[in-house]
Structures are given as C-alpha cells and as structure tokens.
Amino acid sequence: MQETQFVMVLWFVGIIAEAMTGALAAGRKRMDLFGVMIVGCATAIGGGTLRDVLLGNYPLIWIQHSQFLLAIIFASLVTVVVAPLMRYLTRLFLTIDALGLAVFSVIGAQKTLALGFGPSVAIVMGVITGVFGGVIRDILCNEIPLIFHKELYGIVSIVTASCYVILQMTDTNAWISLGVSLWLGFSLRLLAIRFSWSAPTFYYFDKAQ
Amino acid sequence: MQETQFVMVLWFVGIIAEAMTGALAAGRKRMDLFGVMIVGCATAIGGGTLRDVLLGNYPLIWIQHSQFLLAIIFASLVTVVVAPLMRYLTRLFLTIDALGLAVFSVIGAQKTLALGFGPSVAIVMGVITGVFGGVIRDILCNEIPLIFHKELYGIVSIVTASCYVILQMTDTNAWISLGVSLWLGFSLRLLAIRFSWSAPTFYYFDKAQ
Amino acid sequence: MQETQFVMVLWFVGIIAEAMTGALAAGRKRMDLFGVMIVGCATAIGGGTLRDVLLGNYPLIWIQHSQFLLAIIFASLVTVVVAPLMRYLTRLFLTIDALGLAVFSVIGAQKTLALGFGPSVAIVMGVITGVFGGVIRDILCNEIPLIFHKELYGIVSIVTASCYVILQMTDTNAWISLGVSLWLGFSLRLLAIRFSWSAPTFYYFDKAQ
C-alpha cells in the first residue's frame, strides 16, 4: 500500500464524517431532507472546493469523480436514520472528526505543494481545506462559525499543516512526514477537547456601531 | 424559432423574476437601494455563477454580456417602485418563480452536458443553478435558506434536472426533452405550493452543542 | 515614482485598514484569535479575491505574493493588542477606511480594464473590490451586511469606479484619472459620514412569508 492510497482512505473517512456533522447541524435547524443533503455536501467538500477555486485548480475532484458526491449524499441521509443512536456515539464521532481535521489539513497542504506553490501558500490551503467545510456549514445554518469561538480547532489545523510542510521541506520520508503530522494534529485536537483548551478570545466593545 | 432561443427567452424571464424576489427580500430587511441592487443581482445570477465557477467555465455569461446585469439592476430598482402592487400579484409572482426554477434547473443541466461532463454532474449543476440564487439571497439577508425548510423546492429542481438529463441521455428530441422536463418541474412546484407539499423534516436535538 | 507604485502603496494601506476593521468586528462577536485572523484576512482580501475568481484571473495576488497575507494576519493580531486605543482613533480609522474604499474601487476597475474587459464590467468589478470584503466580514459575523443599510458606502464605490472608468475611456492622463476619482470617492465618503447621508431605504412588508 502506497502512502497516497493510505491518505485516500483517511480522506474518504474524513468526508463521510464531515457529511454526518453537516447533516446533524441541519437537523438542529429542523431542515428538510434537501437541506440535509446540501449542508452535508457543503460541509464535506466545501473546504477542498474553496481551496481548488482559489488555486484555479480544475476540474474539482468531486466533479471528476462524482461517486464521492453520491457517497456524501448517502451518508447525509443515513445520518437522519441513525440520528437517535448519535447521542451514544458522541465520543466516537468527535474522534473521527479530529482525524478528519488532521487529514484534511495535511491533504490540503500536500496538494498545494504538488501544484508547485510555496510553503506558506501550502499551509494556508491546508487550513482552508481543514476548517472551511465547517465554516460554510455554519453560515448555511445561520450561525457564527463554531471554530471562530470554540475550543482549539483552527490552531490545530495551522500546526498540522505547518508540521507537514516543514517536514516535506526538509526532505523527510513521505510516510514519516505524514505519520508525524497526522499524529500531532489528531492528538492535539483530542487533548483540546479533553481539557477544554481554547485560543485566547478577543472581546471588543464600542458604542460607535 | 430554435429551442435554444426559446430557452433564452424563458431564462431572461427567470432572471428578472429572481431579481424581483431578491429585491423584495432586501425590502423585508429594510435595506437601502444599494443593498436592493446587490441582493437582486446575487439572487438572479448567483446560481449560474456558482455553477460556472465550480466548473471553471469562463468567461461568466453576465461578464460577457453585461446588458443582462443592467436589466437585472433595473428590474431590482423597478421592484421598489411597484412594491405596493406586489401584494396583489403574489399568485402571478409564484407562478413565474416556479417557471424560473424549472428553467434554471434545465439550463444548468444542459450547459453542463454541453461542456462534456457526465449525467450526474449535469444533475448536480442543474440543482445548483436552480436553487443557489435563493440560497445566496437568504445568506445575504441573514436568514436560514428558505429552500432548506419550506415546501418542495430543491426536490423539484432535482426531479426536473434528472428528467432532462435522462431524456437527453436517451437521445430524445431536444424540444420534447425540454418541454417534458419544464412542464414536469413547473407543475410539480405549483402542486407543491397548492397542497403545501414538503420534504420530510429532520429534527435533531442534543445537549452536546 | 510611477502612478502604479503610488496605487500599490495606497492599496497596502487599504488592506491593512480593512484587516483591522475585520479584527474589530471579530472582537465584537468575542471570537478567538483564529477567528480574528480569518475575519481579518477575509475582510482585507475578500473583495479582490471574489473579483479575480469571477474574472477567472489566476493566480490570485495573495497567493503569488504571500507576504501580503502575512502582513494582514500580523495587522489583525496587532489590532487585538491595540484595541483599547481604538476608541480614541475612531476618526482616524474612518478616514483610512474611506481612503481604502476609494482605492479599492479604483484598483478593481483598473485591473479589470487592464485584462481587456469593457467599461461596465470594470465598474461592477470596482464595486465588488470596494465593498465585498465588508460583506464577507459581516456574513462571517452573522450580521446583515452593514453596507446594505447604513450610510452611503456602496454608492460611493459606484461613483468612484464610474468616474475612473469614464476618465480612462476619454484618454485622460493616468495621474489625473487616479487623482480625481480617488479624491471624489474619499471626500464623498467623508461627507456621507459627516452629514449622515444615506441611500433611500426600501421597506417591504407582506404577510405571505
């Protein structure tokens, strides 16, 4: 098994997990099945899509391989059916979501480097891939994006993507770069949840507006 | 008259109707005339623009033919003037909007097929063209997109685009494909309004978030 | 000093000022430092990015020159530190923001003309560059975009971009086109703030929705 295939499997697990968080968010807003599908899809592929549109990297992966979109739609609708069980699976779910965050951040950086862009662009695109699915989900649900004010999430994405890019820049073996950055991102996110770590908050109040 | 010209006329009626729904939505939020213009434009051309950006299909039609944009801006501003009459035209308005939904869904699928993409991408792009103008309108107005929780709208778009794509795949005459799918989408939407049909709703509640 | 370098300097002042308004908006919503960075970046480069994506004009400037993105992130984080002073700098801030609005509107129109598009597309792209950073900021903060209902802002952008395009169409000297349109936009915006000028508001109420 090559490391690209391994990443591909993790990526697939990640988009399915993200589709399910999207479907649950739609359910919290009492959306219908069409809304569930759209929010599920936007959450799963929104980050990668924004990355590729910003890079001008066409065709988009889900347009070239539409079976992924069908899998995402299927996962969103299955979520509606299994939702009553979700309550008991919160821990499993958060774990898969943490894995997805790390995988997306690494893949975003990896793809950007492969297109010939520099390290700082790769880190930015890793973060966009990692977190913007959730941002678009929350915008569609008319909420302030959760990752802008809840526990460490975006910072985990920055650390993960930076770690991967630095290791790649120093010609580290592909499996090691991948393993170390995924492990770092995954464990950092789990620790953040466990100990409620969060980034410092900025509170600004003025009467002007 | 060729069937492409016929579609073009329906498309123009559709974007004008969508611009007017955008302008009215802006009015419900007490926006100024600049907001009315922007929301009107985004509603009328947002869906098609998103489709073409996702497909990497440049130049965008309203950039190539900016007279359409001027017509949309004009329609948005006229809506402000004739708004007091709108109350009495609700039925006409819903009818034109239903036509617009069917036309946009068919055109989105048609253009995507013409660019050489497969049937499933064509259906997805038909739906994006059909419904995302309204999604962007509601995001700009800080509302949960109406089509995610009100009566059958997105599903009508899926059915319409699928019907058109299937007919085209089976080498049906262009006029027949067009006529049948438009008629199906249009009547399905009117029936959904008349009988308050809606897609099943998903309600999920957890204390976790 | 060439007029392109002069514009470049004003543009840099503009993106820094916009990043700071984004960071303050994030602070009003009690976001964390990650949210501050994202909202700061989106406010500063969102308008220009949307313009280039709509025009299919790749690579994006902040991807080609990522040092600008670093400067924006730095400005966003510095804003958090100096926020207590901001109260006393409101007037300075509004002045720089007014300059930014004029500069962005002119640059957006200028770049679009340079790509070979016609005058009406150039005006539209000037307005998108001028105002959409603020629109994206407000969407990320879950607010109805301020510029859709507060004092003259979008109209100033339309006037500024139109003035520049008309002067360029009539072969006016580059420095004069630039100076006149910047001065017009800047002073119009300051007058609008000073005298609370606003565009007419559209209020529409119906029981239908």
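The model shown is predicted, which means the values in this text are computed figures rather than measured ones. (Residues numbered from 1 in each chain as written. Chains lettered and ligands numbered in written order. Predicted model: local features only at pLDDT ≥ 70, side-chain atom pairs only at ≥ 80, totals over all residues. Heavy atoms only, no water.)

**Q** Explanation requested: the interface of chain A and chain C in the structure shown.
**A** A common way to state how big an interface is: give the accessible area lost once the parts meet. Each side of the interface is counted separately: chain A has 35 residues, and chain C has 34 residues. Regarding the contact of chain A and chain C, the summed buried area is about 3000 Å², with carbon and sulfur atoms giving 69% of it. Three residues, A:Phe148, A:Phe202 and A:Tyr204, lead the burial of chain A against chain C; their summed loss comes to 29% of the area buried on that side. At the junction of chain A with chain C, the criterion picks out 0 salt bridges. Here chain A and chain C share 7 residue pairs in polar contact (both at pLDDT 80 or more) between them. Among the elements of the structure, helix H2 (33–55), helix H6 (119–140) and helix H7 (154–169) of chain A are those that each provide at least two residues to the side of chain A that touches chain C. Here the element with the most residues in the side of chain A that touches chain C is H6(A); it accounts for 9 residues. Each residue belonging to the side of chain A that touches chain C can be placed in one class, and the counts come to 25 nonpolar, 7 polar and 3 charged. (Contact = heavy atoms within 4.5 Å. Buried area = accessible area lost by both parts, 1.4 Å probe. Salt bridge = Lys/Arg side-chain N within 4 Å of Asp/Glu carboxyl O. Polar contact = N/O pair within 3.5 Å; in protein donor to acceptor, adjacent residues only side chain to side chain. Helix = DSSP H or I, 4+ residues; strand = E, 2+ residues; numbered from the N terminus. Nonpolar A, V, L, I, M, F, W, Y, C, P; charged D, E, K, R; others polar.)

**Q** Help me understand the state of the cysteines in this model?
**A** Put plainly, a disulfide is one covalent bond tying together the sulfur atoms of two cysteines. On inspection of all chains with the given rule, the structure shows 0 disulfides over all chains. Of the cysteine sulfurs around C:Cys41, a residue in no disulfide, the closest is that of C:Cys141, at 13 Å. (Disulfide = S-S within 2.5 Å.)

**Q** Can you walk me through the packing of aromatic side chains in this structure?
**A** The description of an aromatic ring pair uses the distance of the two centres, along with the angle that the planes make with each other. Under the definition given, this model contains 15 aromatic pairs over all chains. Here A:Phe12 and A:Phe68 contribute two aromatic rings whose centre-to-centre distance is 6.1 Å and whose plane-to-plane angle is 50°, an arrangement assigned as tilted. Of the two residues, A:Phe12 sits in helix H1 (residues 3–28) while A:Phe68 sits in helix H4 (residues 67–86), which places them 56 residues apart along the sequence. Residue A:Phe68 is classed as buried on the basis of its relative accessible area, which comes to 14%. A centroid spacing of 6.0 Å and a plane angle of 25° characterise the contact between A:Phe195 and A:Trp197, whose relative ring orientation is stacked. In this structure A:Phe195 comes out as partly exposed when scored by relative accessible area, which is 48%. What links up through ring pairs into an aromatic cluster is the set A:Trp11, A:Phe12 and A:Phe68. Looking at B:Arg30, its charged tip hangs above the ring of C:Tyr203, at a distance of 3.8 Å from the centre. The ring of C:Phe195 is capped by C:Arg194, whose NZ or CZ atom sits 5.1 Å from the centre of that ring. (Phe/Tyr/Trp six-rings, centres within 6.5 Å; stacked < 30°, edge-to-face > 60°. Buried < 20%, exposed > 50% of the residue type's maximum accessible area, 1.4 Å probe, protein only. Lys NZ or Arg CZ within 6 Å of the ring centre and 35° of its normal.)

**Q** Quick question: what am I supposed to make of the interface of chain A and chain B here?
**A** On the side of chain B, 35 residues touch chain A, which itself brings 34 residues to the contact. Among the residues of chain A in contact with chain B, A:Arg28, A:Asp32 and A:Phe34 are the three that bury the most area, contributing 22% of the side total. Our count for the chain A to chain B interface comes out at 0 salt bridges. The interface formed by chain A and chain B holds 7 residue pairs in polar contact (both at pLDDT 80 or more) in total. At the level of secondary structure, the elements contributing two or more residues to the side of chain A that touches chain B comprise H1, H2, helix H3 (61–64), H4 and H6 of chain A. Here the element with the most residues in the side of chain A that touches chain B is H2(A); it accounts for 9 residues. Counted by class, the side of chain A that touches chain B contains 23 nonpolar, 6 polar and 5 charged residues.

**Q** How should the UniProt feature "transmembrane region" (unreviewed entry) in chain A be read in this particular structure?
**A** Cross-referencing UniProt, the feature "transmembrane region" (unreviewed entry) maps to residues 6–26, 33–50, 62–85, 92–109, 121–140, 152–169 and 175–197 of chain A in the present numbering. What you have in residues 92–109 of chain A is 100% helix and 0% strand, and the ends, taken at the C-alpha atoms, are 26 Å apart. (UniProt positions renumbered as here; feature names shortened; annotations may be inferred.)

**Q** Just checking my understanding: could you explain the UniProt feature "domain: Glycine transporter" (unreviewed entry) in chain A for this structure?
**A** Residue and element names in this part refer to chain A. Taken from the UniProt record, the annotation "domain: Glycine transporter" (unreviewed entry) applies to residues 9–82 and 95–168. Its end C-alpha atoms 23 Å apart, residues 9–82 is made of 85% helix and 0% strand. Helix makes up 77% of residues 95–168 and strand 0%. Its end C-alpha atoms lie 26 Å apart.

**Q** Looking at this structure, I do not really get the pattern of salt bridges. What am I missing?
**A** A side chain of one charge can pair with a side chain of the opposite charge if their charged atoms are brought near each other. Residue and element names in this part refer to chain C. In the structure shown here, the tally under the stated rule is 9 salt bridges over all chains. Put simply, Lys 29 and Glu 143 hold a salt bridge, and the shortest N to O gap is 2.6 Å. Of this pair, Lys 29 sits in the loop between helix H1 (3–28) and helix H2 (33–55) while Glu 143 sits in the loop between helix H6 (119–140) and helix H7 (154–169), and the two are 114 residues apart along the sequence. A relative accessible area of 37% places Glu 143 in the partly exposed class. A salt bridge links Arg 51 to Asp 52; the nearest nitrogen and oxygen atoms lie 3.1 Å apart.

**Q** How should the nonpolar core be read in this particular structure?
**A** Across soluble globular proteins, you tend to see nonpolar side chains buried next to one another. Core analysis: the biggest nonpolar cluster contains 208 residues, and A:Phe148, B:Phe148 and C:Phe148 have the highest contact counts within it. Setting aside its immediate chain neighbours within four residues, C:Phe148 contacts B:Met31, B:Asp32, B:Phe34, B:Gly35, B:Ile38, B:Val39, B:Leu140 and C:Val135. (Core = buried A, V, L, I, M, F, W, Y, C linked by side-chain atoms within 4.5 Å.)

**Q** Could you clarify how one ought to interpret the relation of the copies chain A and chain B in this entry?
**A** One copy of the chain maps onto the other through a rotation about an axis plus a displacement along that axis. If you rotate chain A by 120° and push it 0.0 Å along the axis, it lands on chain B with an RMSD of 0.0 Å. Taken together, the turn and the small shift mark the pair as related by a three-fold rotation axis. Minimal C-alpha separation from the rotation axis in chain A is found for A:Asn142, amounting to 3.8 Å. When the interface residues of chain A are mapped onto chain B, a mere 12% of them again lie at the interface, so each copy presents a different face. (Least-squares fit on C-alpha atoms with pLDDT ≥ 70 in both.)

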